[in-house]
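A structural walkthrough
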Amino acid sequence: MLPHLVLLFISSSLVLSFDCPADCTCNSPGTIFCINRRSSTVPRVPASTVNLYVFLNGINALTQNDFAGLEDLDLLDLSQNELGEIPDGVFKMLSKLKNLDLSSNIITHISKESFSGLVQLERLYLHQNHIQSIQQEAFEGLEMLLELKLQGNKLTSLPSLNLPKLLLLDLSSNNIPTLHVSDLQTPHLESLKIASLGLTSLDEDLVASLENLHELDISMNQLAEVPQALKKDSVKGLIKLNLAANPLNELRTEDFQKLTGLQELDLSGLNLQGFPQDFFQSFPRLGHLEAAENPFNCLCPLASFAAWLKEKNINLGRLWETRCHFPLANAGKMLSVLDHTDFGCPPSTTLLMKSPVGSTPAPQDPTTSQETTHTNAIPPPPHPPPSEQTLDSKMDPLPSEPPAFPSSTSAEYVQHICPPNICLNGGTCIFDPNGQLGCLCPSGTSGLYCENVDITEPPKPPGTEVPVEVSTVIEELDAISSRQVTSTSILLDLHLFIKTRPNIRGIRLTYRNLSGPDRRPIILSVPASYPEYTLRGLRPNCTYSVCASPLGERMTRANSSVETGSCTEARTAGVPLTSLEPRVETQSSLTYILIPATAALALVLGLALMIGLIICLRKRRRSKAGTDLELGPADPDDSLEVEGVKACPENGGNGPLPHKQTEIERCHTRPPPTSLQQNGNLDYEVPLMQGQSPSNNNRTSLKPSYF
């Protein structure tokens, strides 16, 4: 028995190898792979072939003889060849064919006889061709069709698709700006992909007719708001929704109330700075989320979103592209790695009220816990200011000593602490009466945290002009320009750049600082739906070079930091106007104070010199009087002058002087410690100018107290 089995196996192998065409692979019965044959014709294969893969062969034409005798063929893959047309009735004898792949060829037209005879066809792939037109009856007779892929062609209109069993339809990346309910007679459709068609609205009747719809992709269109069709009861069965790269800019919770069954949601590239409060509570079944390429403001309001991701264990797609754009402390950081404190939320501190020493604690209310931990991002309302508090509501802030409370019941007190640097552009952190954290913004700024600088700047006072130099390098037809420049941002105008390149997938922005030592380029990827984009976090008073090029275009080898495309230069302002004005006022006020102060100081020094000169002259006169006293009694009228001379000698005696001091020594002799001497009608205080001279009037000790 065993020898017969061996002979049977050898004979079947010989037949299989004999029937396998040249340059093809026949590893399993009924399946033939003919890849990279570099032939323009379809190979001859056995009639028993079930699955025939003939891709990347260079086939440029088909005839009916190519498939003669292949009545059992179930799958035919002719993708990635050079077919320019489908002859009428070429597949007519393939009555059992269920899968036909003609993708990635150069087909331009589909006629009504192109697929005649394919009564069992279930999957038809025509994507990535050059199809511009499809005749109205082209898909008639394909009643068993389940999947139809037409994405990546040049269609401007669509024939009426009367396909009762169709489950998947992909029309993405064509130019079909409108779709009506009459275009799709597909009541059992489960997946509809209409991305990048140029849609400005979504037909409500069309979506309502698709009662079995589970997946909807409307990304990369021109939808300025969430379509009304998504607010109807007919979308309750939707489990996958893609809204990416639409100019929505803002999401509202009420627009998604009907989408409670969503499991996958794509919100990438919507220019979102954050999400509404409790936005994701509308999706209890959500398990996968994409929110990449959004300029998120990673401040306290967004902290709840990060906490929700971790709490619900949400799979956040494209982690490396989901980053913070603002503020500068978080710019460039992945949102998924930030903690609650990284968002700048104010910490809440709970201090328990203790009963005074010697008092008996009163029983607690069973509904009130003695210790309460606040986990809200914004703390509860603050207690009244001290001026409005009564004696019963005051407490000792130190936990070591119990507060003097007449009541012994336990309570709590929450301190409100403003996080550092939460308010930007000179804003002041405040708490409103409801305990909500906010910022008091100076003129010229706006936003919850004063993060926005108004476009219209206030008039500048004379002498305080801030130099703003903008030099723009504009190329013909593909120019970019800077519309507004502040001290830390540049607003780029990309309208003309996008208009001249309607088919680009995105824009690569490369900018670098030409004024600083570090000129390494920074590269950003911006969707093609952004006609304007703001570069933030720049350095003041610097010249920046900004270049734009189509996404996917390679850099030049000569200079990898310069992209091919359009470039412009803009110089940021020196200092924001709001922070410059107070400085100017301070300088001017100091100038007004310094001039009279200097004059007063000069006057005091002049008086001091005059007083010193008078002192020296009078001492000289007294010295002469002392000499006369040695020679004889003085005149009674000179008694006053003799008494004034008694304290001048160092010995302090009334006897004869041992010798006379020089005039210079007497001028510098320290006067007696008495606080006041009288000389004529002039009163002066001796310690005032002790040890001073005009040569050291610049010392700090001589400056007035207001310095």
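One structure accompanies this document, and this report is about it. Quantities reported herein were computed from a predicted structural model and do not represent experimental measurements. What you see as residue numbers is a count from 1 along each chain, following the sequence as written. Where local features are concerned, this predicted model is filtered to residues with pLDDT of at least 70; where side-chain atom pairs are given and counted, the filter is 80 or more; whole-chain, interface and lining totals use all residues. Side-chain metrics rest on all non-hydrogen atoms present in the structure, leaving aside hydrogens and water.

1. A few points about the side chain of Arg-501
- A run of DSSP states H or I qualifies as a helix once it reaches four residues; a run of E qualifies as a strand once it reaches two. Both are numbered from the N-terminal end. One can find Arg-501 in the loop between helix H4 (495-499) and strand E29 (506-513).
- N or O atoms within 3.5 Å of each other form a polar contact, as long as, within protein, one can give a hydrogen and the other can take it, and as long as residues adjacent in sequence are counted only when both atoms are side-chain atoms. Among the polar contacts listed, one links the side chain of Arg-501 to the side chain of Thr-500, at a separation of 3.4 Å.

2. Section: the state of the cysteines
- Here, two cysteine sulfur atoms that lie within 2.5 Å of each other are counted as a disulfide. In the structure shown here, the tally under the stated rule is five disulfides.
- In this model Cys-20 forms its disulfide with Cys-26; the gap between the sulfur atoms is 2.0 Å. With the S-S bond torsion at 85°, the cross-link from Cys-20 to Cys-26 turns out right-handed.
- The disulfide partner of Cys-300 is Cys-345, and the gap between their sulfur atoms is 2.3 Å. Taking the torsion about the sulfur-sulfur bond, which here is approximately 115°, the covalent link between Cys-300 and Cys-345 counts as right-handed.

3. Here's the deal with the packing of aromatic side chains
- Side-chain rings of Phe, Tyr and Trp, where Trp is taken by its six-membered ring, are said to pair if the distance between their centres is within 6.5 Å; with planes under 30 degrees apart they count as stacked, over 60 as edge-to-face, and otherwise as tilted. Inspection of every chain in the model, using the stated rule, returns 16 aromatic pairs.
- Ring centres 5.7 Å apart and planes at 45° place the aromatic pair Phe-67 and Phe-91 in the tilted group. Placement of the pair is Phe-67 in the loop between strand E3 (51-53) and strand E4 (75-77) and Phe-91 in the loop between E4 and strand E5 (99-101), with a sequence separation of 24 residues. Per residue, the accessibility class of Phe-67 equals that of Phe-91, and both read buried.
- The interplanar angle of 45° and the centroid separation of 5.7 Å between the aromatic rings of Phe-275 and Phe-296 together place this pair among those described as tilted. One end of the pair, Phe-275, is in the loop between strand E16 (264-266) and strand E17 (288-290); the other, Phe-296, is in strand E18 (residues 296-297), and 21 residues separate them in sequence. Of the two residues examined, Phe-275 and Phe-296, each falls in the buried class.
- Three or more aromatic residues joined by ring pairs make a cluster, and in this case those are Phe-256, Phe-275, Phe-279, Phe-280, Phe-283, Phe-296, Phe-305 and Trp-308.
- Its end group placed over the ring of Tyr-125, Lys-149 keeps NZ or CZ at 4.6 Å from the ring centre.
- Here the basic side chain of Arg-501 rests over the ring of Phe-497, its NZ or CZ set 4.1 Å away from the ring centre. To sort residues, take the accessible area from a 1.4 Å probe on protein chains only and compare it with the maximum for the residue type: under 20% means buried, over 50% means exposed, and anything in between is partly exposed. A positively charged side chain is recorded as over a ring if its NZ (Lys) or CZ (Arg) lies within 6 Å of the ring centre. The angle to the ring normal must also be within 35 degrees.

4. Quick notes on the sheet that holds strand E27 (residues 481-485)
- Strands are treated as partners if at least two bridges between them are detected by DSSP. The antiparallel open sheet is built from three strands, whose spatial order is E27-E28-E31. At either end of the open sheet lies a strand with only one pairing partner, and these are E27 and strand E31 (532-535). Across the sheet, the axes of successive neighbouring strands diverge by a mean angle of 30°, strand direction being ignored.
- Pairing geometry for strand E28 (residues 490-493) and E31, over four bridges, is antiparallel. If you follow Leu-491 over to E31, its bridge partner there is Thr-534. Angles shown run from 0 to 180 degrees and are taken between the N-to-C directions of axes, each axis being a line fitted to C-alpha atoms and, for helices, limited to the stretch in contact.

5. Some words on the pattern of salt bridges
- Whenever a carboxyl oxygen of Asp or Glu lies within 4 Å of a side-chain nitrogen of Lys or Arg, that contact is scored as a salt bridge. Following the criterion strictly, the structure yields 15 salt bridges and no others.
- Taking the shortest distance from any N to any O, the salt bridge between Lys-258 and Asp-233 comes out at 3.0 Å. Here Lys-258 is found in the loop between strand E15 (240-242) and E16, whereas its partner Asp-233 is found in the loop between strand E14 (215-217) and E15, with 25 residues between them in sequence.
- Taking the shortest distance from any N to any O, the salt bridge between Lys-310 and Asp-339 comes out at 3.6 Å.

6. Thoughts on unusual backbone geometry
- Of the consecutive residues Phe-326 and Pro-327, the connecting peptide bond is found in the cis state with omega at -5°.
- Residue position: Pro-327 is located in the loop between strand E20 (324-326) and strand E21 (348-352).
- Positive phi, normally seen in glycine, also occurs at Asp-23, with a value near 65°.
- By secondary structure assignment, the location of Asp-23 is in the loop between helix H1 (2-19) and strand E1 (25-28).

7. Focus on the environment of Ala-47
- Tracing the chain through its elements places Ala-47 in the loop between strand E2 (31-33) and E3.
- Since its relative accessible area comes to 48%, Ala-47 is described here as partly exposed.
- Distance from Ala-47 to Leu-70, taken between C-alpha atoms, is 5.1 Å for residues 23 residues apart in sequence.
- Whether two residues are in contact is decided by their heavy atoms: any pair within 4.5 Å suffices. Residues within four places of Ala-47 in sequence aside, it is in contact with Gly-69, Leu-70 and Asp-72.

8. As for the sheet that holds strand E33 (residues 566-571)
- Across the sheet, which stays open at both edges, the four strands sit in the order E30-E29-E32-E33 with antiparallel pairing between neighbours. Of all strands in the sheet, those bounded by a partner on one side alone are strand E30 (522-527) and E33. Direction aside, neighbouring strands of the sheet carry axes that sit 25° apart on average.
- In terms of strand pairing, E29 meets E30 through six bridges, oriented antiparallel.

9. Section: the nonpolar core
- With 108 residues, the main nonpolar core has Phe-91, Phe-115, Phe-139 and Phe-275 as its most contacted residues.
- Here the element with the most residues in this core is helix H3 (residues 303-312); it accounts for five residues.
- Setting aside residues up to four positions removed in sequence, Phe-139 forms contacts with Phe-115, Leu-124, Leu-126, Ile-134, Leu-148, Pro-159, Leu-161 and Leu-163.
- In this text, buried Ala, Val, Leu, Ile, Met, Phe, Trp, Tyr and Cys residues form a nonpolar core when linked through side-chain atoms within 4.5 Å. By size, the runner-up hydrophobic cluster in this structure holds 21 residues, among which are Val-485, Ile-498, Tyr-530 and Leu-535.

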